[in-house]
Amino acid sequence: MSIVNIRSGVKADLPRVLELIKELAIFEKALDQVSNTVERMEEEGFGPNPIYGFFVAERENEIIGLSLYYYRYSTWKGKRLYLEDIIVTEKERGKGLGKMLFEHTMKFAVEQNCTGMMWQVLDWNEPAINFYKKYNAKLDSEWLNGHLEAKQIETFFNR
């Protein structure tokens with residue numbers, strides 16, 4: 001097996017990144033919820049005010065995985081790195097790529113003087129839960145996630 005390289009993502013990676021995002025959405029039975037586009041990702045990740053970054057796992061110039069992150073601020077802890085997703089293409093799962101991406105992202109969080117790293121995991125995703133437990137990660141069942149879609153907010157203010 002050839003060597004896997006982990007590197008920072010670049011704009012030219014975005015079409016493949018979006019393919020991986022859709023692959024994850026299929027796995028989570030939520031493809032209909034993906035509305036992101038390469039153009040939007042270009043603007044939001046490589047425009048004048050980038051709001052996310054990512055690392056890719058690459059073998060022989062093929063992107064086979066990614067770790068997408070952004071910064072968030074905790075009033076209690078300060079700057080935190082939020083790991084939005086780790087995605088490894090289906091045929092490459094179980095080969096240690098998720099571990100490589102996760103550990104690369106952990107190191108990056110420390111290099112960026114973050115006070116820690118956070119993420120979410122679906123309560124039914126036992127393989128992922130068990131993966132994170134290997135790092136002694138705190139998996140918190142106490143907090144509920146809340147969200148509003150833009151259309152809901154617009155509807156609220158236009159009623």
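So, how was this worked out
- Residues numbered from 1 in each chain as written.
- Predicted model: local features only at pLDDT ≥ 70, side-chain atom pairs only at ≥ 80, totals over all residues.
- Heavy atoms only, no water.
- Pairing = 2+ DSSP bridges.
- Helix = DSSP H or I, 4+ residues; strand = E, 2+ residues; numbered from the N terminus.
- Polar contact = N/O pair within 3.5 Å; in protein donor to acceptor, adjacent residues only side chain to side chain.
- Contact = heavy atoms within 4.5 Å.
- Phe/Tyr/Trp six-rings, centres within 6.5 Å; stacked < 30°, edge-to-face > 60°.
- Lys NZ or Arg CZ within 6 Å of the ring centre and 35° of its normal.

(A) The arrangement of the pairing of strand β3 (residues 62-74) in detail. Note that strand β2 (residues 53-59) and β3 share seven bridges and pair antiparallel. Of the residues in β3, the one forming a bridge with Arg-59 is Glu-62. Count of turn residues in the β2/β3 antiparallel hairpin: two residues, of which Glu-60 carries a positive phi of about 50°. Relative to strand β4 (residues 78-88), β3 runs antiparallel, the two being bridged by 10 bridges. Following the sheet pairing, Leu-66 is matched in β4 by Ile-87. As consecutive antiparallel partners, β3 and β4 are separated by three residues.

(B) A look at the side chain of Glu-92. When you line up the elements, Glu-92 lands in the loop between β4 and α3 (97-111). Polar side-chain contacts of Glu-92 include one of 3.0 Å to the side chain of Arg-59. A polar contact of 3.3 Å, which involves the side chain of Glu-92, links it to the side chain of Lys-95. Ignoring anything within four residues of it in the chain, the contact list for Glu-92 reads Arg-59, Ile-64 and Leu-97.

(C) The arrangement of the packing of aromatic side chains in detail. Per the counting criterion, the structure on display carries 16 aromatic pairs. By the ring-pair criterion, three or more aromatic residues cluster together here, those being Phe-102, Trp-119, Phe-131, Tyr-132 and Tyr-135. The ring centre of Phe-27 lies 5.3 Å from the NZ or CZ of Arg-93, which sits over that ring.

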